[in-house]
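# Architecture and fold: a report
Each chain, written out:
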Amino acid sequence: MKVIDRVNIEDFLEYYHNFHDATIESVIYDCSKSSAKVIIKTFWVGENEIHNGKLIPKNKSIKIVFNGVKKINVREIFSYDYIMEIYFKFINLENTEYMCFADNDTSPKFYCVCESIEYDELN
């Protein structure tokens, strides 16, 4: 698995186009390990391809693992709940820096504050 940190976060977000039009397929929270696993089906990955004048998106499913979960909130998510642009920032809580990931910044259906994040492409 690849770690997301301050050095590669911008490249990560750019490569996955800020998860625009992606969907959350599943969320599994393990409270005994303070970790969560989320499967996100992306729609735009890497460089876009054009064939016969049409833009052809490349998509992949990504497993994201949130370690050292401090706060998490999962509301009901439907298959038609597309992500417009994720909220992914470093934040300070109680004088400690955490990573904050949410499917949007105003009314998230998935929200997680954690110590570290790893990811891997599934297909």
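For the structure, check the block above.
Heads up: these notes are all about the structure in this document. (Residues numbered from 1 in each chain as written. Predicted model: local features only at pLDDT ≥ 70, side-chain atom pairs only at ≥ 80, totals over all residues. Heavy atoms only, no water.)

## Quick word on the overall build of the protein
Which entries qualify depends on this criterion: Segments assigned H or I by DSSP are reported as helices when at least four residues long, segments assigned E as strands when at least two residues long, and all are numbered from the N terminus. With the radius of gyration taken over C-alpha atoms, the globule rule is written as 2.2 Å times the number of residues to the power 0.38. Buried residues are those whose accessible area, probed at 1.4 Å on protein chains only, stays under 20% of the maximum for their type, while exposed residues exceed 50% and partly exposed ones sit between those limits. Whether two residues are in contact is decided by their heavy atoms, any of which lying within 4.5 Å being enough. Each accessible area is a Shrake-Rupley result for a 1.4 Å probe, and residues are judged covered by the shown protein chains and nothing else. Counting rule applied: Lys, Arg positive; Asp, Glu negative; His and chain ends not counted. Note on charges: their place is set at NZ of Lys, CZ of Arg, CG of Asp or CD of Glu.
When its secondary structure is counted, the protein shows one helix and 12 strands. The secondary structure elements of the protein, listed N-terminal to C-terminal, are β-α-β-β-β-β-β-β-β-β-β-β-β. Its C-alpha radius of gyration of 15 Å places the protein within 12% of the 14 Å reference for a compact globule of 123 residues. Seen along its three principal axes, the alpha-carbon backbone of the protein occupies a region of about 55 × 35 × 25 Å. Taken over 123 residues, the protein has a buried fraction of 34%. Counted over contacts in the protein with a minimum sequence separation of 6, partners at least 24 positions apart contribute 60%. Accessible surface computed for the protein: about 7,500 Å², of which carbon and sulfur atoms make up 46%. Here the protein holds 14 positive side-chain charges and 20 negative ones, and the gap between their average locations is 4 Å.

## Description of the sheet that holds strand β2 (residues 22-30)
The following threshold applies: DSSP bridges decide pairing: two strands pair if at least two such bridges lie between them.
Taken in spatial order, the six strands of this open sheet run β1-β12-β6-β3-β2-β8, and their pairing is antiparallel. The sheet is open, and its two edges are formed by β1 (2-4) and β8 (82-83), each paired on a single side. As paired strands, strand β6 (residues 61-67) and strand β12 (residues 116-121) are joined by six bridges and run antiparallel to one another. Note that in β12 the partner of Phe 66 across the bridge is Ile 117.

## Looking at a nonpolar patch on the surface
Definition in use: Each patch is built from salt-bridge-free residues with over 30% relative accessible area, joining like charges within 9 Å and nonpolar side chains (Val, Leu, Ile, Met, Phe, Trp, Tyr) within 5 Å. Each salt bridge in this description consists of a side-chain nitrogen of Lys or Arg and a carboxyl oxygen of Asp or Glu lying within 4 Å of one another.
Taken together, the side chains of Phe 78, Tyr 80 and Tyr 82 define a hydrophobic patch exposed on the protein surface, amounting to about 360 Å² of accessible area. Turning to its location among the elements, Tyr 80 is positioned in the loop between β7 (71-74) and β8. Its relative accessible area of 55% is what places Tyr 80 among the exposed residues.

## Some remarks on the pattern of salt bridges
Working definition: two side chains of opposite charge can pair if their charged atoms are close together. Evaluation of the coordinates by the stated rule reveals four salt bridges. In this structure, the salt-bridge partner of Asp 81 is Lys 109, at a minimum N-O distance of 3.6 Å. Taken together, the positions of Asp 81 in the loop between β7 and β8 and Lys 109 in the loop between β10 (96-102) and β11 (110-114) put the pair 28 residues apart, joining distant regions of the chain.

Purely spatial values, then, with no claim about function.
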